[in-house]
Amino acid sequence: MAFMLNIDFNNIRFINGSANDGFEEFVCQLARREKISCTKTFVRKGKPDGGVECYWPLEDGSIVAWQAKYFCKAFDDSQYQQIDRSVKEALNSHTNLRRYVIAVPTDPSDTHVAGRMSMKERIDGYVERWSKINPHVAFDFWWASDLIERLQKSSNQGLLRFWFGKHEFTDEDLIQFNAGSIKDLGKRYTPKLNIEVEPVQYFEVLSRGNSLSRFLDKELKTAEETCGKIAKNKHCHNVLDSVEKVRKVINQIKEVNITGTDRIALDVLLTALISLGEAVQDIANSIVDKEKITEEDRISRDIYALGIDILNVYNDLNQNMMRLVNDPILILEGDAGVGKSHLMADAVQRREKEKQFSLLFLGQKFITDEEPFTQMMRMLNFNGSSEELLDTLEAKAETTGHRIIIFMDAINEGHGLAIWQSNIRSFIDRIRQHPWLGLVLSIRTSYTPAILPWGELGNDYCVWARHYGFGTNTQKAVQLYFKEYDILYPSVPLLNPEFKNPLFLHLFCEGMKNNGYRKIPDGVKGIASVMNLFFDGIEKSLRRAKHYSPLIKCVDKAVRKYIEYTAEKGRHEMPIDTAIEIFSDIYPRVFTEGELLDCLISEGVFSKNIFYKTVDNYEECIYFTYERFENMLQAEYLIDKLQLDDKTLEEYIQSIKSPYMIGGLLESLAILLPERQGIELYDSLPKFHSHKAVVNAVLSSLIWREEKTIDLHLDSYFNEFIEDNQLNSTCKCNRILINNLFK
């Protein structure tokens, strides 16, 4: 159904604080959507515009151009003169002009007054004079009625809403929405402890900002210079056609606005580069084959080096991430705690500083089984259809000249398993239909088989990136964190692989600070000990503030009551009212009703959010800030409290729809079972011994385990799958870790 709105051009959205600039941009967006045959790349002019706001170049070399005049009433003499000057400037500046459209937000009166020409008659007179200057140009006007007719098309409802609605998605709206999302990340985003990591490059390419423009300029310049050297080389005359093909594509790419959305012909350039590079190397090899003379060898090496230079450009542009230039859909996967949320929040902040806009949605806030767009619109307070939402965002993006990127953090959280399995492909395809929008989805690796199966959404469908944490910058990160937390850096570098994980490092430092440690105590190894260090630190912090006995373990009691409740109810959250009631019984002599809960939220143990039962029925709940803690405590509860033996544990796993859906719990069991009972997860689950979810869980657990629990039995277990080539790329990457640990 069309979006009903009274269109008043006096109330058009301002751009740069100006209704005139707003009208110019509005006309250009309509022009971009105009159906014209045989067009090339749409061009939006800057100022001064030479009488043309924008134009469509046609394949025959001519252009169709538009000029906007924000005259909302009948023209006065000066306004007729302004239009006349613009037309003459356009005719002088664009000799290939075929059609010239003048858009004005009023309709011409044909009313006759004695002794005066009507507005329509005066315009007809001007058109007649312009046609005499250049009879090959057709002059048209888009009057207010013409503009309204175009706006009322169903395909332009988002445009109508953006320009004449209640001014949704202002710069401030987007900034405030993202600020709220970042605030809700809590300690998962720490901007002052920022370390550059490899996946940042993917965001730079996807954004098509200045960094991509500089990168392409450098690569194209290298290719051009090398083509010049090849063309001048007397031995390379046979490849001049290939040289011209490369030059032609480079010139085509230079005509494209890199920061816009028009397609960049990288695939054509890559084909031309590989053909030229290999042909040049063939010439070099043929020279060596003919004569074994020193001078010929030198010539051959020089020519071969030119081929290498061309192929180096090819390799730089043939990276997987470069596909994001024309298809801005990225899936970012990584283990728990590697910093995916931090990375996405940091990308949003960076883009904001460069006047590029984004929307950051948190998976933890998708808390009903409704399809994603419905929940997104509720978060944005947007009343309309999902298509209107996307069209409106796209209109906003066009005004900035940059894509708006939708970041969906941790789609495995909240009700992600229920939502995304049946909606992910259609969701991505809907975004793809809007070239001014991009999409980044992050997911915990253990959930990918359940939510984003590789067979359906593999690398051919969209670009994937893996986040490994600090990677090669681990030592730099440790030094930065230790300095911030005033922890003494040991004389021997820390080589524990755990410190590559930002969550591990953050919790380690928080635990050290809250415990009052400056020097690393003995025995702190593995995620279980770090989790206890974290909880002990918070306990000491509360004890200092409330002056209660060291024998009282408020934090430990609270988290275990939470786990017991969620395990019994089959939930991942606890209603606030329930939490207040349960936690208030822990130590009522010290903590008033609800005070302990407030302290635990303040210290970052729990976060709170609104969870919807139905559209109009919701409740405020708490949940663990760090999902890995919940997984670890759930595993402890199963092992210690319920005392599940191998048979009952296997029955419990079988009761789950898919083992992939509890990847985090399996990984935690793989950590704790060797420590608590001296057995491996796969030994406890003989029916799931070779299931990929179990293999992945055991592999992923290694970085978090105490070293004494890792022995050669694991090596023989993994060799079963390596020999049969059953391990996926994620497992093979973790294989490097196994080798290092066994060494």
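Now for a description of the structure that goes with this document. (Residues numbered from 1 in each chain as written. Predicted model: local features only at pLDDT ≥ 70, side-chain atom pairs only at ≥ 80, totals over all residues. Heavy atoms only, no water.)

A word on the sheet that holds strand β2 (residues 54-57)
What the five strands build is an open sheet, ordered β1-β2-β3-β4-β5; its pairing is mixed. A strand with exactly one partner marks an edge of an open sheet, and here the two such strands are β1 (43-44) and β5 (138-142). Alignment of β1 against β2, held across two bridges, turns out to be antiparallel. Each bridged residue has a counterpart across the sheet, and for V43 the counterpart in β2 is Y55. Lying on the sheet, helix α3 (residues 119-133) is in contact with β4 (97-103) and β5; it crosses β5 at an angle near 150°. The sheet contacts of helix α4 (residues 144-151) involve β4 and β5, and relative to β5 the element is tilted by about 75°. (Pairing = 2+ DSSP bridges. Helix = DSSP H or I, 4+ residues; strand = E, 2+ residues; numbered from the N terminus. Contact = heavy atoms within 4.5 Å. Axes fitted to C-alpha atoms, helices over the stretch in contact; angles between N-to-C directions.)

So, the nonpolar core
Residues M408, F535, F583, F624 and L681 are the most contacted members of the largest nonpolar core, which totals 134 residues. Top element by residues in this core is helix α21 (residues 526-546). It accounts for nine residues. Once you skip the residues sitting within four places of it in the chain, M408 turns out to touch M344, F361, F366, M376, W420, F427, L439, V440, L441 and S442. Judged by nonpolar contacts, the second largest core, of 60 residues, contains L216, L269, L332 and A347. (Core = buried A, V, L, I, M, F, W, Y, C linked by side-chain atoms within 4.5 Å. Buried < 20%, exposed > 50% of the residue type's maximum accessible area, 1.4 Å probe, protein only.)

Structural notes on the environment of V52
For V52, the position within the fold is in the loop between β1 and β2. Between the C-alpha atom of V52 and that of L174, which follows or precedes it by 122 residues, the distance is 31 Å. Beyond its immediate stretch of four places on either side in the chain, V52 contacts K45, A65, W66, Q67, A90, H94 and Y100.

Some words on unusual backbone geometry
Of note, R208 is a non-glycine position whose phi angle comes to about 50°, a positive value. Counting through the fold element by element, R208 comes out in the loop between α7 (200-207) and α8 (210-232). Phi angles above zero are rare outside glycine, and D486 is one such case at about 55°. Along the chain, D486 turns up in the loop between α19 (474-484) and α20 (502-515).

Structural notes on the pattern of salt bridges
Where charged atoms from two side chains of opposite charge approach closely, those side chains can pair. Scanning all chains against the criterion turns up 36 salt bridges. Taking the shortest distance from any N to any O, the salt bridge between E573 and R571 comes out at 3.0 Å. (Salt bridge = Lys/Arg side-chain N within 4 Å of Asp/Glu carboxyl O.)

Overview of the packing of helix α5 (residues 157-164) against helix α14 (residues 386-400)
The geometry of α5 relative to α14 is characterised by a closest axis approach of 7 Å and an angle of 60° between their N-to-C directions. For the element pair α5 / α14, the angle class is oblique. Remark: the crossing between α5 and α14 carries right-handed chirality. Contacts from Q157, G158, L159, R161, F162 and W163 of α5 reach α14 at E388, D391, T392, A395, K396 and T399. (Parallel < 35°, antiparallel > 145°, perpendicular 65-115°, else oblique. Left-handed = near helix turned anticlockwise from the far one by under 90°.)

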